[in-house]
Amino acid sequence: MTTTSFKTTRSEEIFAAAQKLMPGGVSSPVRAFKSVGGQPIVFDRVKGAYIWDVDDNQYIDYVGTWGPAICGHAHPEVIAALHETLEKGTSFGAPSAQENVLAEMVIEAVPSIEMVRFVNSGTEACMAVLRLMRAFTGRDKIIKFEGCYHGHADMFLVKAGSGVATLGLPDSPGVPKSATASTLTAPYNDLEAVKQLFADNPDEIAGVILEPVVGNSGFIIPDAGFLEGLRLLTQENGALLVFDEVMTGFRIAYGGAQEKFGVTPDLTTLGKVIGGGLPVGAYGGRKDIMSMVAPAGPMYQAGTLSGNPLAMTAGIKTLELLQKPGTYEHLDRITKKLIEGLLQIATQTGHAVTGGSLSAMFGMFFTGEEVHNYDDAKKSDLAKFGRFHRGMLERGVYLAPSQFEAGFTSLAHTDEDIDRTLAVAKEVLSGL
Ligand SMILES: *Cc1c(COP(=O)(O)O)cnc(C)c1O
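Definitions and limits used
Counting from 1, residues in each chain are numbered in the order their sequence is written. The model is predicted, so local features are restricted to residues of pLDDT at least 70 and side-chain atom pairs to those at 80 or more, both for listing and for counting; the totals for chains, interfaces and linings are taken over all residues. Values reported for side chains reflect all heavy atoms of the structure, with hydrogen atoms and water molecules removed beforehand. One heavy atom within 4 Å of a molecule or strand makes the whole residue count as near it. Whenever two N or O atoms come within 3.5 Å, that pair is a polar contact, provided that in protein one can donate a hydrogen and the other can accept it, and provided that, for residues adjacent in sequence, both atoms are side-chain atoms. Each residue receives one of three labels: charged for Asp, Glu, Lys and Arg, nonpolar for Ala, Val, Leu, Ile, Met, Phe, Trp, Tyr, Cys and Pro, and polar for the others, Gly being one of them. Each helix corresponds to a stretch of at least 4 residues labelled H or I by DSSP, and each strand to a stretch of at least 2 residues labelled E; elements are numbered beginning at the N terminus. Contacts were defined at the residue level, with two residues in contact if any of their heavy atoms lie within 4.5 Å. Two strands are said to pair when DSSP picks up at least two bridges between them. Two rings from Phe, Tyr or Trp (for Trp, the six-membered ring) form a pair when their centres sit within 6.5 Å of each other. Planes less than 30 degrees apart are called stacked, planes more than 60 degrees apart edge-to-face, and all others tilted. Each residue is assigned to one of three classes by its accessible area relative to the maximum for its type, calculated with a 1.4 Å probe on protein chains only: buried under 20%, partly exposed between the two thresholds, exposed over 50%. Two kinds of site are reported from a 1 Å grid over the protein atoms alone, namely cavities, where a 1.4 Å probe fits but cannot get out, and pockets, open sets with protein on both sides within 12 Å along at least five of seven lines, and residues are called lining when an atom falls within 4 Å of a point. Grid points are joined across faces, edges and corners, and a volume is the space filled by probe spheres set on the points.

Trainee: Describe in detail the site of the ligand, supporting the description with residues and values.
Mentor: Surrounding the ligand, one finds Ser121, Gly122, Thr123, Tyr149, His150, Gly151, Glu211, Asn216, Asp244, Val246, Met247 and Lys272. In this structure, an oxygen atom belonging to the ligand sits 2.6 Å away from a side-chain N or O atom of Lys272. Taken together, the residues of the shell around the ligand break down into three nonpolar, six polar and three charged.

This is the structure we're talking about:
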């Protein structure tokens, strides 16, 4: 695991070819490593807490395919269940019993969800929930927060964090002004700004959508009283509160951030973990609101592959594994051990850092100041993060290739994995 033995010849060949075939050589922008420099590695296979690239280098993985792999990659029970389901076909385009099973599990787990609709991605879930907010309230305007990401739909591509931030695009060309004209933004953790927006737009705001714990401007937790304050403000103004728990759902607690913080929104979006590594998203919430969704009600939303048995099976199996006693205690403990170790080593080696974790989600910024919002996050030393990322990669630790992404652990990560990661971090941070 030394840098001298680090060879990525095959990755480089494949990525060079990919760049001629697909924009930037990737199917999703952050994978191209633009913000950390250097070439991305091309994966061959994943198992448990590990990745192997096409040159057969092994890495400890802290991305977990951006969240879904919370039980560890290619968990044998998930794979076995998928094999069995596969024999019966991949998609029905018709009702299946598996949808009921996953729906019941989601409804039981997530405090706000009384009814749920399955879709194929987090983006899709957020697009649909926005339409539902507007349909239910008869109002057009919404409030989102700077640095929060709710998928790539036009209406949300305003100050949208990670991918967009990483590329330095404040907005995206191709998004018409009319699409974002009703999207109001406020700094995260700033209740006064939200209050002002409600005051300036009386009876016009359909609702507030946010990441209850931010993962898309790096890892940022809500200040004490922020979520409660939003709950109160939305109620006072006849607006809906929507938690985008695509990342935090089943990750920072089985019932997501709403369980952890005891604040119940009206609607919730889910994705990532509930698909167990297959493409799934979902939105759900109060029965009276969800009853507006077609065919129960007039708000149209549909999907050819939605609720397909393969995706439902991976989700069901993953949630079953998460229900076992001790899972969140393990996630909590190893993630704390990792981040506390990283912060300590960074400080000892003379770097100003700040960071933290909540269950299986963590983050560290290269700034000595506290980070409460996206503007604070941007004070991080991005060049240093890039060198840190590369150093870790070359020594067998795969971190998210952007300062503005959260890190993820899984049930497969062991104390030995954390110890090895910290030893590698010590070597890298000493040399920065
Ligand atoms: C990943 C993510 C999305 C988008 O989900 P996709 O499945 O990538 O479309 C939306 N919201 C949040 C909070 C996310 O982390």
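Trainee: Account for the environment of Ala193, with residues named and values stated.
Mentor: Its location among the elements puts Ala193 in helix α7 (residues 191-200). Spatially, the C-alpha atoms of Ala193 and Tyr283 are 27 Å apart, while their sequence positions differ by 90 residues. Setting aside chain neighbours within four positions, we find Ala193 in contact with Ala186 and Pro187.

Trainee: Report on the sheet that holds strand β1 (residues 43-47), specifying residues and quantitative values.
Mentor: Overall, mixed pairing links the four strands, which are arranged β1-β2-β3-β13 in an open sheet. Both edges of this open sheet fall to β1 and β13 (397-398), since each of them pairs with a single strand only. As defined by bridge partners, strand β2 (residues 50-53) adjoins strand β3 (residues 58-61) across three bridges and the pair is classed as antiparallel. The residue bridging Trp52 from the neighbouring strand is Gln58, located in β3.

Trainee: With reference to specific residues and values, describe the packing of aromatic side chains.
Mentor: Evaluation of the coordinates by the stated rule reveals 13 aromatic pairs. When the ring of Phe250 is compared with that of Tyr254, the centres are 4.9 Å apart and the planes differ by 85°; the resulting orientation is edge-to-face. Tyr254 gets classed as buried once you look at its relative accessible area, which sits at 17%.

Trainee: Break down empty space enclosed by the protein for me, with residues and values.
Mentor: Enumeration according to the criterion identifies three cavities of 30 Å³ or more in this entry. Volume-wise, the largest cavity comes out at about 190 Å³. Around the largest cavity sit 17 residues that line it, and Phe362, Gly363, Met364, Phe385 and Glu405 are the ones nearest its centre. At the level of elements, β12 (361-365) and α14 (382-394) are the ones that each hand at least two residues to the lining of the largest cavity. Considering every element that reaches the lining of the largest cavity, the biggest residue donor is β12, with four residues. Its residues placed into classes, the lining of the largest cavity shows eleven nonpolar, five polar and one charged. Of the pockets and cavities examined, the second largest cavity occupies roughly 50 Å³. Taken together, 14 residues line the second largest cavity, and the ones lying closest to its centre are Asp61, Gly64, Ala69, Ser410 and His413.

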